[in-house]
Amino acid sequence: MNIILIGPPGVGKGTQAKNIIKRYQVPHISTGEILRENIKKQTKLGIHAKTFMDMGKLVPDYDVLGMVSRRLADDDCFHGFVFDGFPRTIPQADGLSKLLSNTDKRLDRVIVLKASDEIIIKRLSSRRSCNNCGRIYNLLFNSPKNDNKCDVCGEELTQREDDKPETIKKRLDIYRLQTEPLINYYEKLDLTVFINGESDINNISEEIFQILDEID
Ligand code: AP5
Ligand code: MG
C-alpha cells in the first residue's frame, strides 16, 4: 500500500497517519518528523534545515529528496508506506515518481485532507506532542489524561517551534503557493480522494479506512 497524505499544516496528516499505520502495518514517513529528529541530534542536515523550518519555509527539494530516497531504501518500505508532508512541491513529486519507477512501485492513492484556516490556526496553537514517542495531542480537542504528560510514555509534552501564530500564517501561505498545485498534479493521474478534515478524528479515520480497504 503506497499512500500520500496531502493537506495544509494542522489538518491532521500526522494524526491520521498514525491510525493508518496501526491498521495496515506500513511505515509512516513524515519528512517533518525526520527533519525534527535531525535537529534534535544536531546533524548537518538538521542544522541546515532548522534555518528554513523556524521561518515556516520549505527545506530545499534537494535535501528532502536525498532524505526520502535513503528512507525508501530501508527494508520496512518494501511492502509500502504512508507519506505525510511529502511531496510538497512539483519537483519533489517528480523526484518521487522517478524513485518509485526505479523500483517498479506505483502510488495507490493520494488522500487530500481539507479544513478552513480558522480551524487550522486553532488546532496548531493548542497542539502538543511527545518528543519521545511522537504521539500528538491537542489541549482543546484531544487532551492528555495527565496534565502535559504523554499518556503512552509519561514524557513531558512540548509545543513545536513552528506553531507560533506568525509562523503558522507563513506555513499556510507556502502551502497554498507551493503544495496545493500538487492536488491538480495527482488529480490528472486519477489518484486523489478528498476527505473533510474538519470532522471528528475517528470519523475521518473510518472514511480513510473505507478507501484504503479497497486497494488490493
Ligand atoms: P510538517 O511536520 O510536515 O508540518 P506541516 O505540514 O506543517 O503539518 P503539521 O505537522 O503541522 O500538521 P498535521 O497535518 O500533521 O496535523 P496534526 O496531525 O499534528 O513540516 C514541518 C516543517 O518541516 C515545514 O514547515 C518545512 O519547513 C519542513 N518540511 C517537512 N516536510 C518537507 C518537505 N517535504 N519539503 C520541504 N520542507 C519540508 O494535527 C494538528 C493538531 O490538531 C494536533 O493537536 C491534533 O491533535 C489536532 N487534530 C488533528 N485532527 C483533528 C481533528 N479531526 N479534530 C480536532 N483536532 C484534530
Ligand atoms: Mg504533522
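Since we're looking at a predicted model, the values are computed, not measured. (Residues numbered from 1 in each chain as written. Chains lettered and ligands numbered in written order. Predicted model: local features only at pLDDT ≥ 70, side-chain atom pairs only at ≥ 80, totals over all residues. Heavy atoms only, no water.)

**Q** Before we go on, may I ask you to explain the state of the cysteines in this structure?
**A** The bond known as a disulfide is covalent and runs between the sulfur atoms of two cysteines. According to the stated counting rule, one finds 0 disulfides in the structure shown. Here Cys130 is not cross-linked by a disulfide; its sulfur's nearest cysteine counterpart is in Cys153, at 3.5 Å. For Cys130, a relative accessible area of 3% puts it in the buried group. (Disulfide = S-S within 2.5 Å. Buried < 20%, exposed > 50% of the residue type's maximum accessible area, 1.4 Å probe, protein only.)

**Q** What is the right way to look at the packing of helix H2 (residues 31-40) against helix H4 (residues 61-72) in this model?
**A** For any two helices packed against each other, the geometry comes down to the angle between their axes and how far apart the axes lie. As a packed pair, H2 and H4 sit with axes 11 Å apart at the nearest point and diverge in direction by 100°. The pairing of H2 with H4 is recorded here as roughly perpendicular in orientation. On the side of H2, the interface is formed by Thr31, Ile34 and Leu35, while H4 contributes Val64, Met67, Val68 and Arg71. (Axes fitted to C-alpha atoms, helices over the stretch in contact; angles between N-to-C directions. Helix = DSSP H or I, 4+ residues; strand = E, 2+ residues; numbered from the N terminus. Parallel < 35°, antiparallel > 145°, perpendicular 65-115°, else oblique. Contact = heavy atoms within 4.5 Å.)

**Q** It is not clear to me how the sheet that holds strand S7 (residues 157-158) should be interpreted in this structure. Could you clarify?
**A** Whether parallel or antiparallel, the strands of a sheet pair through hydrogen bonds between backbone atoms. A sheet is described by the order of its strands in space; here 3 strands give the open sequence S6-S5-S7, paired in antiparallel fashion. Whereas interior strands pair on both sides, the edge strands pair on one side only; in this sheet they are strand S6 (136-138) and S7. Direction of pairing for strand S5 (residues 127-130) relative to S6: antiparallel, over a ladder of 3 bridges. By the bridge assignment, Ser129 is partnered in S6 with Ile136. (Pairing = 2+ DSSP bridges.)

**Q** Just checking my understanding: could you explain helix H5 (residues 90-102) for this structure?
**A** For an α-helix, 3.6 residues make a turn, and residues three or four places apart therefore share a direction. A rise of 1.5 Å per residue sets the reference length of H5, with its 13 residues, at 18 Å; its end C-alpha atoms lie 19 Å apart and thus fit the reference within 8%. Taken together, the buried positions of H5 are occupied by Gln92, Ala93, Gly95, Leu96 and Leu100. Angularly, the buried residues of H5 cover 160° about the axis, an arc narrow enough to put them on a single face. Residues of H5 that are exposed and point over 90 degrees away from its buried face: Lys98 and Asn102. Against the buried residues of H5 lie strand S1 (2-6), H4, strand S3 (81-84) and helix H8 (181-188). The distance from a side-chain oxygen at the start of H5 to the backbone nitrogen of Gln92 is 3.1 Å, and the residue carrying that oxygen is Thr89. (Expected span 1.5 Å × (residues − 1). Arc of directions from axis to C-beta. Polar contact = N/O pair within 3.5 Å; in protein donor to acceptor, adjacent residues only side chain to side chain.)

**Q** Explain the pattern of salt bridges here, please?
**A** Side chains carrying opposite charge are able to pair once their charged atoms draw close together. Scanning the entire structure with this criterion turns up 17 salt bridges. Here Asp74 and Arg71 are joined by a salt bridge, their closest N and O atoms 3.1 Å apart. You can call Asp74 partly exposed: its relative accessible area is 36%. Here Asp163 makes a salt bridge to Arg171, at a shortest N to O gap of 2.9 Å. By relative accessible area, which is 11% here, Arg171 ends up buried. (Salt bridge = Lys/Arg side-chain N within 4 Å of Asp/Glu carboxyl O.)

**Q** Before we go on, may I ask you to explain the sheet that holds strand S8 (residues 192-196) in this structure?
**A** Reading across the sheet, the 5 strands line up as S2-S3-S1-S4-S8 and stay open at both edges, with parallel pairing between neighbours. Whereas interior strands pair on both sides, the edge strands pair on one side only; in this sheet they are strand S2 (28-30) and S8. Each adjacent strand pair in this sheet contributes to an overall mean axis angle of 20°, direction not counted. Both S1 and S3 contribute to a ladder of 4 bridges, which runs parallel. Bridging from a neighbouring strand, Ile3 pairs with Val82 of S3. Contacting S2 and S3, H2 crosses the sheet at an angle of about 65° to S2.

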